Amino acid sequence: MTKFTFTRADFPADFLFGSATSSYQIEGHAFGGAGPTHWDSFAATPGNVVRAENGDTACDHYHRFEEDLDLAAAAGLDCYRFSTSWARVLPEGTGTPNAEGLDFYDRLTDAMLERGLKPCATLYHWELPQPLADLGGWRNRDIGNWFAEFTEVIMGRIGDRMYSVAPINEPWCVGWLSHFLGHHAPGLRDVRATARAMHHVLLAHGRAIEVMRGLGMSNLGAVFNFEWAHPVDNTPEALAAAETYDAIYNRFFLGGVFKGAYPEPALKGLEPHLPKGWQDDFKTITQPVDWCGLNYYTRKVIGPEAGPWPHYAELDGPLPKTQMGWEIYPDGLYQFLTRTAAEYTGDLPLIVTENGMANADVIRDGTVPDPERIAYVDAHLERVRQAISEGVPVEGYFLWSLLDNYEWALGYEKRFGMVHVDFDTLVRTPKASYHALKDALTAR
Ligand code: IFM
């Protein structure tokens, strides 16, 4: 596929298109006085990250952001979703800010506005300052107040120019992926640490919303990642396993923020490990938000498994897969959009804050053909349109990602960008998907 089947005119007039990125994955953490993070020590530990790669240089966006924003603007995008590195702003996690870090986000913000791009910030996209990790990180209840301080400092500087802000990207990754599965920093595999991290990440979300309201800010949201849980068969055991997967992955965080309650199948394993008085935190966690962001990439086929809770196994599915080994299942996006509106958010605007695919893209004669990505995005946007036509209030779509970047534990091998990055020379080359999106968004 070389072209999209849609143009901007196929979406509501005020529908927003953007690309999404994050600080540690693109900026180059070694530059500009940023403090160490738990990702630096995690990556330096053999076996955690492919080839022990880290975010020291990444895409060198710290020095090349103007070129990158030029690319985003020329593609016809309305918005640029970025994140602010806590350790760049507060190298110790709390206390004295790094003036260079604040200046960087100030310049970045102005550079977006100069190009007509709406700045859409995420406060935290996973690089926890090491001094706070040393104090227990997300396991420590004090993180609510540490995060509130960071929010005040960074939004006190750039909050006046933000189009939208969400406190935390993908709470499931901060909690479960990093503390139960151990795949991300801090690499723990411990159910008690997990329960606390999952709860505290929502507490921190609520504290940040309170702080930003206090600063007079609006258009504040929450961004969750979702995976559709597909039972391997219709046996009661498989159905129960999929229900537990769904509760932990998808419903826990939505339930906390929009219902002030956690789902039973998740509480079954987590409740004994939650901090004392956890229910009292719901008044902070349920601070009203203005929109809900959905990050969606794939589904999982789930079957039962003996042994300790959570009693499920992720099984190999039959659908075509991306470079990540993730099944391509656009229906899941439609299902999440409709279900989220029906069961959690009602009329609140929904934004697809991330969607995209990794592909083994290579440069040939200065071009990068990626028909797979065009087909993937096209199919998912088709499901977005279907949801809109049925009255679901979807108001935007952000492609992950603008640039090939640091894919965490998988290093630099997995290419998610619509712009190719040569990680030796750092040269950017727009892929075929970039040109196709530009045509679709700027067509008259
Ligand atoms: O690269 C990540 C990003 O940091 C968060 N959402 C999913 C992407 C692809 O795995």
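Quick caveat: nothing in here was measured; it's all calculated off a predicted structure. (Residues numbered from 1 in each chain as written. Predicted model: local features only at pLDDT ≥ 70, side-chain atom pairs only at ≥ 80, totals over all residues. Heavy atoms only, no water.)

## Some details on the state of the cysteines
- For the structure shown, the criterion picks out zero disulfides.
- Among the cysteines around Cys-59, which has no disulfide bond, Cys-173 carries the closest sulfur, lying 19 Å off.
- Counting only cysteine sulfurs, Cys-79 is the nearest neighbor of Cys-120, a cysteine outside any disulfide, at a range of 4.1 Å. (Disulfide = S-S within 2.5 Å.)

## Focus: the site of the ligand
- Around the ligand lies a shell formed by Gln-25, His-125, Trp-126, Asn-169, Glu-170, Tyr-297, Trp-326, Glu-354, Trp-400, Glu-407, Trp-408 and Phe-416.
- Between a nitrogen atom of the ligand and a side-chain N or O atom of Glu-170, the distance comes to 2.8 Å.
- Side-chain polar atom of Glu-407 to an oxygen atom of the ligand: 2.6 Å apart, as the coordinates give it.
- Calculation on the ligand without its partners gives an accessible area of 280 Å², and the protein chains cover 95% of this total.
- Split by residue class, the shell around the ligand holds six nonpolar, three polar and three charged. (Near = heavy atom within 4 Å. Polar contact = N/O pair within 3.5 Å; in protein donor to acceptor, adjacent residues only side chain to side chain. Areas by Shrake-Rupley, 256 points an atom, 1.4 Å probe, with all protein chains shown as cover. Nonpolar A, V, L, I, M, F, W, Y, C, P; charged D, E, K, R; others polar.)

## Looking at helix α8 (residues 171–179)
- Most of α8 is tucked away: nine of the nine residues are buried.
- Within α8 the residues assigned to the buried category are Pro-171, Trp-172, Cys-173, Val-174, Gly-175, Trp-176, Leu-177, Ser-178 and His-179. (Buried < 20%, exposed > 50% of the residue type's maximum accessible area, 1.4 Å probe, protein only. Helix = DSSP H or I, 4+ residues; strand = E, 2+ residues; numbered from the N terminus.)

## Description of the nonpolar core
- One finds Trp-86, Trp-138, Met-155, Leu-337 and Val-384 to be the most contacted residues of the largest nonpolar core, which totals 148 residues.
- No other element matches the ten residues that helix α10 (residues 236–259) contributes to this core. (Core = buried A, V, L, I, M, F, W, Y, C linked by side-chain atoms within 4.5 Å.)

## Concerning unusual backbone geometry
- Cis geometry marks the peptide bond from Ala-185 to Pro-186, where omega comes out at 10°.
- With respect to the helices and strands, Pro-186 occurs in the loop between α8 and α9 (191–214).
- Omega for the peptide link from Trp-309 to Pro-310 comes to 25°, which places this bond in the cis form.
- The residue Pro-310 is located in the loop between β6 (291–304) and β7 (312–315) in this model.
- Even without being a glycine, Arg-51 presents a positive backbone phi close to 55°.
- Within the secondary structure, Arg-51 is located in the loop between α2 (38–43) and α3 (61–74).

In short, geometric facts, not functional conclusions.
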